[in-house]
Amino acid sequence: MQFEPPLRPRRRLISLTPLIDVVFILLLFFMLASSLTRLNAVALDAPNTQIASADSQPALLLRIQANGGLDLNGEPVETEALTDRLRARLQQAPDLGVWVQPDDAVSLQMTLQVFDQLTAAGIPVLRLR
């Protein structure tokens, strides 16, 4: 008596087309759902050696210390009083610029808070040093 070996069921190949379609739809969804708006930006002029030497407008140096303290042209100033002092200086010199020099240990959030105060005071020219 001879027995025939049982036939193995044929294995079906997995099609990648539906997977590619799903990945493409997800890609489109995330691209369209993401926010493409511009965040609140501060206008910032990069220092240029030619412009800096020819620049004759008055400027103040604002240092941000590692402990969060501020000094304006070497004088310590409280964070809350910074806007008022800058507005007073701005009345004397309307084209006043400010150089901001953060310490290496200062966080970006602290620097942006200072930039927000400068913008609220109405300083037209901000430079990061």
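Treat the numbers as computed from the prediction; the structure is a model and nothing was measured.

Caption draft 1: The arrangement of unusual backbone geometry in detail. Positive phi, close to 55°, is recorded for N73, a residue that is not glycine. Looking at the element boundaries, N73 is found in the loop between strand 2 (70–72) and strand 3 (75–77). Classification of N73 by relative accessible area gives partly exposed; the value is 41%.

Caption draft 2: The arrangement of a nonpolar patch on the surface in detail. A cluster of nonpolar residues, F24, I25, L27, L28, M31 and L32, forms a patch on the protein surface that exposes about 660 Å² of accessible area. Tracing the chain through its elements places L27 in helix 1 (residues 17–33).

Caption draft 3: Looking closely at helix 4 (residues 108–121). With 14 residues, helix 4 should reach 20 Å at 1.5 Å per residue; the first-to-last C-alpha distance of 20 Å fits that figure. For helix 4, every residue scored as buried is listed here: M110, T111, V114, F115, Q117, L118 and A121. All buried residues of helix 4 lie within an arc of 155° about the axis, which places them on one face of the element. Those residues of helix 4 that are exposed and angled more than 90 degrees off the buried face are L108 and Q109. Positive backbone phi, at 95°, marks G122, one or two positions downstream of helix 4.

Caption draft 4: Local environment of the nonpolar core. In this structure, L62, L86, V98, V114, L118 and I123 are the most contacted members of the largest nonpolar core, which totals 21 residues. If we ignore the near neighbours within four places in the chain, the residues touching I123 are L86, L90, L96, V98 and L118.

Caption draft 5: The packing of helix 3 (residues 82–92) against helix 4, seen in detail. Two numbers describe how helix 3 lies on helix 4: the axes approach to 9 Å, and their chain directions differ by 40°. Classified by the interaxial angle, the pair formed by helix 3 and helix 4 is oblique. Here helix 3 runs over helix 4; the crossing is right-handed. Residues L82, T83, L86, R87 and L90 of helix 3 form the contact with helix 4, whose participating residues are V114, Q117, L118, A120 and A121. Considering only residue class, the contact of helix 3 with helix 4 consists of 7 nonpolar, 2 polar and 1 charged.

Caption draft 6: Broad picture of the pairing of strand 1 (residues 59–64). Pairing geometry for strand 1 and strand 4 (residues 97–102), over 6 bridges, is parallel. Looking at strand 4, one finds that R63 is bridged to Q101. Bridge count for strand 1 against strand 2 is 3 bridges, and the pairing is antiparallel. In the sheet register, R63 faces strand 2, and the bridge partner there is D71. Where strand 1 folds back on strand 2, the antiparallel hairpin that results is connected by 5 residues, among which G68 adopts a positive phi of roughly 95°.

Definitions and cut-offs
- Residues numbered from 1 in each chain as written.
- Predicted model: local features only at pLDDT ≥ 70, side-chain atom pairs only at ≥ 80, totals over all residues.
- Heavy atoms only, no water.
- Helix = DSSP H or I, 4+ residues; strand = E, 2+ residues; numbered from the N terminus.
- Buried < 20%, exposed > 50% of the residue type's maximum accessible area, 1.4 Å probe, protein only.
- Patch = residues over 30% accessible without salt bridge, like charges linked within 9 Å, V, L, I, M, F, W, Y side chains within 5 Å.
- Areas by Shrake-Rupley, 256 points an atom, 1.4 Å probe, with all protein chains shown as cover.
- Salt bridge = Lys/Arg side-chain N within 4 Å of Asp/Glu carboxyl O.
- Expected span 1.5 Å × (residues − 1).
- Arc of directions from axis to C-beta.
- Core = buried A, V, L, I, M, F, W, Y, C linked by side-chain atoms within 4.5 Å.
- Contact = heavy atoms within 4.5 Å.
- Axes fitted to C-alpha atoms, helices over the stretch in contact; angles between N-to-C directions.
- Parallel < 35°, antiparallel > 145°, perpendicular 65-115°, else oblique.
- Left-handed = near helix turned anticlockwise from the far one by under 90°.
- Nonpolar A, V, L, I, M, F, W, Y, C, P; charged D, E, K, R; others polar.
- Pairing = 2+ DSSP bridges.

That's the geometry; what it means functionally is another story.
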